[in-house]
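# Residue-level structure breakdown
Single-letter residue listing:
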Amino acid sequence: MITRSYDYVIVGAGFAGAVLAERLATQLGKRSLVVERRNHIGGNAHDGIDASGVLIHNYGPHYFRTNSDRILAYLSQFTQWHEVEYKILSWTHGRLWNFPINLNTFEQFIGKAATSEEMQAALERWKVPIQNPTNSEEVIISQVGWELYEMFFRGYTKKQWRREPKDLDPSICGRIPVRTNRDDRYLSDRFQALPKNGYTAVFERMLDHPLIDVQLNTDYRDVMATTSCGHMIYTGALDEYFDCRFGPLPYRSLRFETETLEQEYYQAAMQVNYPNDHDYTRIVEIKHATGQVCPRTTIVREYPQDYVPGSEPYYPVLDPTAKEMRDRYWELAEAEQKVSFVGRLATFRYLNMDQVVGMALAEFERLRSKLNA
Ligand SMILES: Cc1cc2nc3c(=O)[nH]c(=O)nc-3n(C[C@H](O)[C@H](O)[C@H](O)COP(=O)(O)OP(=O)(O)OC[C@H]3O[C@@H](n4cnc5c(N)ncnc54)[C@H](O)[C@@H]3O)c2cc1C
């Protein structure tokens, strides 16, 4: 029996769900119920203070960056920013290397000082001529050749995805820049910063509105028999919505192992990659990026895992078979007139936070013009 009624039911309290709830409430006066399976808001961007007082990112490090003034202006309504240059190192062959590959890495590799021109010339000799790379191996060898690929990329990617890079979409390794200058920032985007008081505080401000109800610890399927709505916004897994009728889409999951240490810092940078040693891919010490002043530190080791129902589907695995299956699910999704599929899981795409915010803002505009039509 229907006991409550909303304009929108929004499944998931991550960026996609929170942006839409906020826009619909503040711009159109629409009432939403946000249903979240987990016991907190924020989706994978959720952060919080751990038992020892250190601010950590609970689902892996979330480095906010964007090139979009519009997305930055939108989010800046809910937070001030702590500007940061995300720096990472890579441990292999018994030492730390600058990473992503840049002129410093090149000098470490050849064991002497060099210029950008010399690095450029060396890359020209090493790289494999491939016009249009069709997989992640080709993307890297076409930029830096086999040796650097084997040192920094192949082992990391295999651990992370349990697939050879040649069996993965070019976008996966193609995200990592290669530079011939000394810019050793992990990312190239114009704006790079973390919310000053953390991500969870951003979500609290977005969802703090009398027209937004949030129900945690609840699967949306458990409320739909008693809740009516004009339209649903779905940000959960695409295949799950359709009861996996074409088969389960492949995801990778992660296990996070945290350790608190009675020292101010543990490692030289926010993130150290381990492409060829250990079972974990990286150790993250997010305190380097948050700028928190605290006598202790917490580090997180990340162990890639197979996804099994009950674990968290963190990364969509974009191989050709999965893309084909995803396209079939997309066709079903497009035919659902009263449901919008928004965000990373719901579109089975590897999207960053700013892209998801952009996608949610675009969906809001679409819904608004539909209402005005
Ligand atoms: C390990 C990791 C590191 C990342 N690092 C970065 C980074 O550095 N920078 C960056 O920009 N992006 C990063 N991302 C991507 C970022 O997490 C996503 O872009 C963003 O969180 C996606 O938001 P979303 O709302 O689409 O999905 P989510 O944050 O996944 O939110 C979806 C929510 O829906 C809920 N849900 C699902 N099914 C149901 C259901 N049936 N009923 C109720 N609730 C349900 C889930 O519990 C979840 O909370 C990273 C992602 C991961 C996994």
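Residues numbered from 1 in each chain as written. Predicted model: local features only at pLDDT ≥ 70, side-chain atom pairs only at ≥ 80, totals over all residues.

## Focus: the site of the ligand
- The full set close to the ligand counts 34 residues, and Gly12, Gly14, Gly43, Gly236 and Gly343 are the nearest of them.
- Listing elements by their share of the shell around the ligand, those giving two or more residues are helix 1 (15–28), helix 11 (344–347) and helix 12 (353–372). (Near = placed C-beta within 6 Å. Helix = DSSP H or I, 4+ residues; strand = E, 2+ residues; numbered from the N terminus.)

## Observations concerning the packing of helix 1 against helix 7 (residues 199–207)
- Contact geometry for helix 1 and helix 7: axes closest at 9 Å, N-to-C directions at 30°. As summarised for this structure, helix 1 and helix 7 are arranged roughly parallel, according to the angle between their axes. Between helix 1 and helix 7 the crossing geometry is left-handed. Side by side, helix 1 and helix 7 meet where Ala18, Ala21 and Glu22 of the first sit next to Phe203, Met206 and Leu207 of the second.
- Across the contact of helix 1 with helix 7, the residue classes tally to 5 nonpolar, no polar and 1 charged. (Axes fitted to C-alpha atoms, helices over the stretch in contact; angles between N-to-C directions. Parallel < 35°, antiparallel > 145°, perpendicular 65-115°, else oblique. Left-handed = near helix turned anticlockwise from the far one by under 90°. Contact = placed C-beta atoms within 7 Å. Nonpolar A, V, L, I, M, F, W, Y, C, P; charged D, E, K, R; others polar.)

## Points about helix 10 (residues 320–335)
- With 16 residues, helix 10 ought to run about 22 Å at 1.5 Å a step, and its terminal C-alpha atoms sit 23 Å apart, in line with that.
- For helix 10, every residue scored as buried is listed here: Met325, Arg326 and Tyr329. Projected onto a plane normal to the axis of helix 10, the buried residues spread over an arc of 105° and lie on a single side. Opposite the buried face of helix 10, by more than 90 degrees, sit the exposed residues Pro320, Glu324, Asp327, Glu331, Glu334 and Ala335. (Expected span 1.5 Å × (residues − 1). Buried ≥ 20, exposed ≤ 12 C-beta atoms within 10 Å, placed from the backbone. Arc of directions from axis to C-beta.)

## Observations regarding unusual backbone geometry
- Note that the residue after phenylalanine 99, namely proline 100, is joined by a cis bond; omega there is -5°.
- Here proline 100 lies in the loop between strand 8 (95–99) and helix 3 (103–110).
- Unlike most non-glycine residues, asparagine 217 shows phi in positive territory, near 55°.
- For asparagine 217, the location among the structural elements is in the loop between strand 10 (212–215) and strand 11 (227–234).
- At cysteine 244, a position not held by glycine, the phi torsion is positive, near 50°.
- Note on placement: cysteine 244 falls in the loop between helix 8 (238–241) and strand 12 (251–261).

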